[in-house]
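Residue-level listing of the chains:
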Amino acid sequence: MSDANLLEAAVRTEFGKGAARRTRRDGNVPAVLYGHNEEPQHLAVNAQAFAAILREHGTNAILNLDIAGKKQLAMTKSVVVHPIRRYIEHADLLIIRRGERVTADVTVTVVGDAAPGTLVTQEATVLSIEAEAMKLPESIEISVEGVEAGTQFTAGGIDLPKGVTLAGDPEALVVNVITAPAAEPTAAEAAEAAEAAESEAAAEAAE
């Protein structure tokens, strides 16, 4: 097995909020590894190493866990981040096998510039797909280069990489290109227009 994304994991023997706080205080993230009808394993992984892997490979990162000397492939299934302090509070990890297909949500990235006078609205930030665990794309790109107003990109109409299939609703709207609304006048412009109207009215009255 390659040592890419190697992450050492210790088995946790203490549970509960207090134990989780102690795990985090020691610089680790409490995690649960489950799947393939195995008993869930409660683990602690190094917070800095885990965060570095997520930054580089996204939230669907494939991990090479070293659990007390035993290697195990896993995928990051979910990560809970503290809303204010932004550290990782907890992670769920899914046991995977090489060649196995998995379902995951991947980020949708909009690239390019649509036609002049249009507004691009992104209705969905993720797309649910199915692919081999080891070949999950980190993101799906949608190009709106030169696209005219009235164009819609639904999930089923997006070009996916080879070997990747859509797992969600094909009719779901992902990106919508509409006519840009007329710009609202600024306060200064509105004041100038009002002054001009008043001057014009005064001039007419004087005549």
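Residues numbered from 1 in each chain as written. Predicted model: local features only at pLDDT ≥ 70, side-chain atom pairs only at ≥ 80, totals over all residues. Heavy atoms only, no water.

### Considering the overall build of the chain
When you go through the chain residue by residue, the secondary structure sums to 3 helices and 13 strands. Of all 207 residues assigned to the chain, the portion counted as buried reaches 32%. Long-range pairs, those at least 24 residues apart, make up 63% of the contacts in the chain between residues at least 6 apart in sequence. For the chain, the computed accessible surface area is about 12600 Å², with 50% contributed by carbon and sulfur atoms. (Helix = DSSP H or I, 4+ residues; strand = E, 2+ residues; numbered from the N terminus. Buried < 20%, exposed > 50% of the residue type's maximum accessible area, 1.4 Å probe, protein only. Contact = heavy atoms within 4.5 Å. Areas by Shrake-Rupley, 256 points an atom, 1.4 Å probe, with all protein chains shown as cover.)

### Notes on the confidence of the model for the chain
Across the chain, pLDDT averages 87, with 90% of residues at or above 70. Here helix α3 (residues 187–206) stands out as the element of the chain with the lowest mean pLDDT, 68, in contrast to strand β11 (residues 152–154), whose mean of 97 is the highest. (pLDDT = per-residue confidence, 0-100.)

### Looking at the sheet that holds strand β2 (residues 28–35)
In spatial order, the strands read β1-β3-β2-β6-β5-β4; together these 6 strands close into a barrel with mixed pairing. Adjacent strand axes in the sheet meet at a mean angle of 45° when their direction is disregarded. Where β2 lies against strand β3 (residues 38–46), 7 bridges are found, and the strand directions are antiparallel. Along β3, the bridge assignment pairs Ala31 with Leu43. Running over the sheet, helix α1 (residues 17–25) touches β2, β3 and β6 (88–95) and is turned about 120° from β2. Strands β1 (6–11), β2, β3, β4 (62–67), β5 (70–81) and β6 of the sheet are contacted by helix α2 (residues 47–57), whose axis makes an angle of about 100° with β3. (Pairing = 2+ DSSP bridges. Axes fitted to C-alpha atoms, helices over the stretch in contact; angles between N-to-C directions.)

### Brief notes about α1
Residues of α1 that are buried: Ala19, Ala20 and Thr23. For α1, the arc enclosing every buried residue in end-on projection is 100°, short of the 170-degree limit, so these residues lie on one face. In this structure, α1 carries Lys17, Arg21 and Arg25 as exposed residues pointing more than 90 degrees from its buried face. Against the buried residues of α1 lie β2 and β3. At the C-terminal side of α1, Gly27 shows a positive phi close to 85°. (Arc of directions from axis to C-beta.)

### Overview of α2
Of the residues making up α2, those classed as buried are Phe50, Ala51, Ile53 and Leu54. The buried side chains of α2 occupy one side of the element, clustering within an arc of 160° when seen end-on. When the buried face of α2 is taken as reference, the exposed residues oriented beyond 90 degrees from it are Gln48, Arg55 and Glu56. At its buried positions, α2 is contacted by β1, β2, β3, β4, β5 and β6. At the N-terminal end of α2, a side-chain oxygen is found 3.1 Å from the backbone nitrogen of Gln48, two or three residues along, and the residue is Asn46. Looking one or two places after α2, you find Gly58, whose phi comes out positive at around 85°. (Polar contact = N/O pair within 3.5 Å; in protein donor to acceptor, adjacent residues only side chain to side chain.)

### Looking at the pattern of salt bridges
For the structure shown, the criterion picks out 1 salt bridge. Across the pair Glu130 and Arg101 runs a salt bridge whose closest N-O atoms are separated by 2.9 Å. Within this pair, whereas Glu130 is found in strand β9 (residues 126–132), its partner Arg101 is found in strand β7 (residues 101–111), the two being separated by 29 residues in sequence. The class for Glu130 is partly exposed, based on a relative accessible area of 29%. (Salt bridge = Lys/Arg side-chain N within 4 Å of Asp/Glu carboxyl O.)

### Side note on the nonpolar core
Core analysis: the largest hydrophobic core is formed by 26 residues, its most contacted members being Met75, Ile96, Leu127, Leu136, Ile142, Phe153 and Val174. Secondary-structure elements contributing two or more residues to this core are β5, β7, β9, β10 (139–143) and β13 (173–179). The element best represented in this core is β7, accounting for 4 residues. In contact with Met75, other than residues within four places in its own chain, are Asn60, Ala61, Ile62, Asp92, Leu93, Leu94, Ile96, Val102, Thr103, Ala104 and Leu136. By size, the runner-up hydrophobic cluster in this structure holds 20 residues, among which are Leu43, Ala61, Ile67 and Leu93. (Core = buried A, V, L, I, M, F, W, Y, C linked by side-chain atoms within 4.5 Å.)

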